[in-house]
Amino acid sequence: RAKSIAAGLPAAKALQTGQELIDDPEVDAIVVASWGPTHEEYVLASIAAGKQVFCEKPLATTREACERILDAEVKSGKRHVMVGFMRRYDDGYRAMKAAIDGGEIGAPLMFHSGHRNPSVPPHYTSDMIINDTCVHDVDVARFLLNDEIVAARVLTARKNSLASDHLTDPVLFIFEMAGGALVDVEASINIQYAYDIRGEVVGESGTVELAETNTVVVKKGGQYGGRVPEDWRERFIRAYDTEFQEWINAAAKGESTGPSSWDGYAATVVCAAGLEAMESGERVEISLREQPDLYKVTAAGPTGTD
């Protein structure tokens, strides 16, 4: 199929394997958007080839795989990898971070995050509520609070009757930051009404929260209202475009930007702890390896423009 499409496009060709694509001298940079368990192989090959690589989350599916990527990148002496945590490129989240970093609300104490999907596809499993849904909240919490997560617990509410029998839905994912702030993530994946992303940081002297996405509020018939996004594409399409353009701009100069391999590693470790907490019902402590100097400039909170 790829070869038939390439045949009809100017200067396009289809190669048999990912390794052939990475090794091709005509290829300047790599985008990894394949199935999660293949990410380690392709990211390591891209680093070995000295090419910039954009890797959709997850960076890799296990702590050990992520650590092999960290080791390879550190050994290379420079960053090659940007991980696709697109919320960092959303105007709302960027404005929240600017307010926090600017001291407008004082020191952050709590972050309330909500991730509501109208429904999920048939292949969706309960572990995906942590690995595929809450992983975005994990990263954006580290981004906004500029801190690491040191412990996690998961509480399960009364089951949503609209959810499939095999799903745990909804859940409350709670984690503790190293600096003492608390984060709670409400994940509801069959809430029917819309795709609704919520976020509020409570500081010592004020709060900052995501606004509704409407340009205007309509009032009529004794009511007021506006549109709620139908799905993730409607809510985050601009963030995806901004994210990818910033990666392209950096890759064209042989540089990397935005969420790093360290950020991908931290998210994978936290999500693994979340799954353990969901299974056990207990608080699970989280420990990360010592952070290499390569990542300290952009650790836990790059703006995407560094």
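Here's a quick rundown of the structure. Please read all numbers here as calculations on a predicted model, not as lab measurements. (Residues numbered from 1 in each chain as written. Predicted model: local features only at pLDDT ≥ 70, side-chain atom pairs only at ≥ 80, totals over all residues. Heavy atoms only, no water.)

### Focus on the packing of aromatic side chains
Any aromatic ring pair is given by two values, namely how distant the centres are and how the planes are angled relative to each other. On inspection of all chains with the given rule, the structure shows 7 aromatic pairs. Seen from their ring centres, F173 and F175 are 5.1 Å apart, and the 80° between their planes marks the pair as edge-to-face. Given the relative accessible area of 0%, F173 is considered buried. Given a relative accessible area of 0%, F175 falls into the buried group. Aromatic side chains W262 and Y265 sit 5.0 Å apart centroid to centroid with 55° between the ring planes, which places their arrangement in the tilted category. Note that W262 and Y265 are positioned in helix α8 (residues 261-280) at a spacing of 3 residues, about one turn of the helix. Through pairs of rings, three or more aromatic residues link up here, namely F54, F244 and W247. Here the guanidinium or amino end of K97 rests over the ring plane of F143, the centre of that ring lying 5.1 Å away. (Phe/Tyr/Trp six-rings, centres within 6.5 Å; stacked < 30°, edge-to-face > 60°. Buried < 20%, exposed > 50% of the residue type's maximum accessible area, 1.4 Å probe, protein only. Helix = DSSP H or I, 4+ residues; strand = E, 2+ residues; numbered from the N terminus. Lys NZ or Arg CZ within 6 Å of the ring centre and 35° of its normal.)

### So, the packing of helix α6 (residues 128-145) against α8
At a minimum axis separation of 9 Å, α6 and α8 run at an interaxial angle of 125°. Comparing their axes, α8 and α6 come out oblique. For the crossing formed where α6 meets α8, the hand is right-handed. From α6, I129, I130, N131, V135, V138, D139 and R142 reach across to α8, where they touch W262, D263, A266, A267, V270, C271, G274, L275 and M278. (Axes fitted to C-alpha atoms, helices over the stretch in contact; angles between N-to-C directions. Parallel < 35°, antiparallel > 145°, perpendicular 65-115°, else oblique. Left-handed = near helix turned anticlockwise from the far one by under 90°. Contact = heavy atoms within 4.5 Å.)

### Some remarks on helix α3 (residues 39-48)
Along α3, the residues classified as buried are H39, E40, V43, A45, S46 and I47. Buried residues along α3 sit in contact with α2 (18-23), β1 (29-32), β2 (52-56), α4 (63-76) and β3 (81-84). Of the residues flanking the end of α3, it is G50, one or two places downstream, whose phi is positive at about 75°.

Keep in mind that these numbers describe shape and distance, not what the molecule does.
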